[in-house]
Amino acid sequence: MKTKTLTATVACKHCGGTVMIEKQNVREDENSTGGISTKMCPKYGCHRVSSYVYEIRRGQWHNFR
């Protein structure tokens, strides 16, 4: 089964800055839920990591909380 990498930008939970999340090896037919952490926030004075619960449906991001 072919896999891909999903990326998205979300708001840092600490300062509201823009940060990236990335999930590798996602199957095209995957349906899953899990936890993921962002990359370090690049905003001056923050530099923190945020955690999100994600949902993937049919190999695409569906929801973050």
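Residues numbered from 1 in each chain as written. Predicted model: local features only at pLDDT ≥ 70, side-chain atom pairs only at ≥ 80, totals over all residues. Heavy atoms only, no water.

Structural notes on the environment of Tyr44
Put simply, the test is: Comment: elements are numbered from the N terminus, with helices defined as DSSP H or I runs of at least four residues and strands as E runs of at least two. Throughout this description, buried means an accessible area under 20% of the type-specific maximum (1.4 Å probe, protein chains only), exposed means over 50%, and partly exposed covers the range between.
Tracing the chain through its elements places Tyr44 in the loop between strand E3 (32-37) and strand E4 (51-57). Residue classification places Tyr44 among the exposed residues on the basis of a relative accessible area of 82%. Sequence-wise, Tyr44 and Val19 are 25 residues apart; in three dimensions their C-alpha atoms are separated by 13 Å.

Re the packing of aromatic side chains
Note the cut-off: Paired rings are identified among Phe, Tyr and Trp, the last through its six-membered ring, by centres lying within 6.5 Å, and are further divided according to the angle between planes into stacked (under 30 degrees), edge-to-face (over 60) and tilted (the rest). Placement of a positive charge over a ring is assigned whenever Lys NZ or Arg CZ falls within 6 Å of the ring centre and within 35 degrees of the normal to the ring plane.
Counting across every chain of the model gives three aromatic pairs. Both rings, one in Tyr54 and one in Trp61, keep their centres 5.7 Å apart while their planes meet at 80°; by these two values the pair is edge-to-face. Neither residue differs from the other here; Tyr54 and Trp61 are each classed as buried. Residue Trp61 is classed as buried on the basis of its relative accessible area of 18%. Among the aromatic residues, ring-to-ring pairing joins Tyr52, Tyr54, Trp61 and Phe64 into one connected group. Taking the ring centre of Tyr52 as reference, the NZ or CZ of Lys13 above it sits at 4.4 Å.

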